[in-house]
Amino acid sequence: MTRSLMLGVVGSLLCILSRSAADGVPGSEAKRPNIVFIVADDLGWNDVSLHGSPQIPTPHIDAIAHSGVHLTNYHVQPVCTPTRSTFLSGRHVIHTGIYMPFAQGTALRLNLSYTLLPAYLKKLGYRTAAVGKWHLGQNVEKALPTGRGFDEYLGYWSGAEDYYTHDTHGGYDFQDGTECAIKYNNTYSTYIFAERAVNTILEADPEQPLFLYTAFQNVHWPLEAPAEYVARFSHIPNSERQYVAAMTSILDDAVGNITDALKRSRIADNTILIFTSDNGGPVHDENTESNNYPLRGGKNTLWNGGTQVVGMIAGKGIENPGTDCHGMMHASDWLPSLV
Ligand SMILES: *[C@@H]1O[C@H](CO)[C@@H](O)[C@H](O)[C@H]1NC(C)=O
Ligand SMILES: *[C@@H]1O[C@H](CO)[C@@H](O)[C@H](O)[C@H]1NC(C)=O
Ligand SMILES: *[C@@H]1O[C@H](CO)[C@@H](O)[C@H](O)[C@H]1NC(C)=O
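An account of the accompanying structure is given in this report. (Residues numbered from 1 in each chain as written. Chains lettered and ligands numbered in written order. Predicted model: local features only at pLDDT ≥ 70, side-chain atom pairs only at ≥ 80, totals over all residues. Heavy atoms only, no water.)

### A look at the overall build of the protein chain
The number of helices and strands found in the protein chain is 12 helices and 14 strands. On the principal axes, the C-alpha backbone points of the protein chain span a range of 55 × 40 × 40 Å. Put simply, 70% of the contacts in the protein chain that link residues at least 6 apart link residues at least 24 apart. For the protein chain, the exposed surface amounts to about 13400 Å²; the carbon and sulfur share of it is 52%. Charge centroids of the protein chain, computed over 23 positive and 33 negative side chains, lie 9 Å from each other. (Helix = DSSP H or I, 4+ residues; strand = E, 2+ residues; numbered from the N terminus. Contact = heavy atoms within 4.5 Å. Areas by Shrake-Rupley, 256 points an atom, 1.4 Å probe, with all protein chains shown as cover. Lys, Arg positive; Asp, Glu negative; His and termini not counted. Charge placed at Lys NZ, Arg CZ, Asp CG, Glu CD.)

This is the structure we're talking about:
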């Protein structure tokens, strides 16, 4: 285990990954593991069947935990921008100074002096691609995904928008790289992000490691889902709850498409797969209806329902697949451990 890997790591990732995965092979970039990092937005602790939800079956998300390691004591920040800043900078919010989500149209951004995870991995020879929500600053080009180390990007820069029209406060926010991508108007974002992630994985070159950051819009408000998904939950009387279930279900199908693509890809045997929520689900809050039972509170609160979330890691180097890891881990552990 290299010394640099030990620096700054306070969590339990090192007890999960084997030496061979952690070390790579010196001088051989082709052997570095591919990394697929999936972020769900506002997913409630009890809104996956893995945690016992009798209401929302999530077989594909559960399967990642069952084939890998389920992080049962895993913590993040109670809202999105702070957690996402921490994922990509490796810094806790007491260092980034970002305690609140960035408002629409803000001039705030994650400090440009920080080197982010994609930039570190680029230096190690990785192809870096991002899909989905950004929400880490957008008022100068250097603050955009493509300015911060991602070679490729498809998604929206702000924190929330219409899933179909990609409209936020009267503006169309959907870009391929830095170019406005109008052709995606009226397509539900989850299909777009899953398809781009699947294609990126299927075309991945085993000779060049890939870092793919996929940040889905689901299950953040506005409550929108394709009719066939809403119909699956027509037995749920509460409309907000019905939509949360539908939006989680399509998220699970999108995750299933990604894990299926990984199995069919040329990088199947050499990929680390991570799944995490950015914060707990909002309960009786933000006009939506997640469920974090048995944790108290939800998004926007410092109770565990806001800060303890669904998390798991699978794939290359997992020493004890199918186990739970009860060691405490935090969002800030990913960057130093992976790098
Ligand atoms: C950005 O980080 C640098 C140090 O890396 C610090 O000097 C500066 O004050 C930070 N800027 C903001 C706005 O926090
Ligand atoms: C997207 O499509 C909707 C519905 O057809 C339309 O109202 C809207 O103007 C379109 N957005 C843009 C930016 O063209
Ligand atoms: C999953 O892939 C299938 C087959 O390509 C596609 O029809 C479906 O729309 C995809 N689902 C999602 C949620 O992306």
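### A closer look at the site of ligand 3
Lining the immediate environment of ligand 3, one finds Tyr191, Ala194, Ile250, Ala254 and Asn257. A distance of 2.3 Å separates an oxygen atom of ligand 3 from a polar side-chain atom of Asn257. When ligand 3 sits alone it has 360 Å² of accessible area, and the protein chains cover 49% of it. At the level of secondary structure, the elements contributing two or more residues to the shell around ligand 3 comprise helix H8 (189–202) and helix H10 (239–264). Looking at the shell around ligand 3, its residues break down into four nonpolar, one polar and no charged. (Near = heavy atom within 4 Å. Polar contact = N/O pair within 3.5 Å; in protein donor to acceptor, adjacent residues only side chain to side chain. Nonpolar A, V, L, I, M, F, W, Y, C, P; charged D, E, K, R; others polar.)

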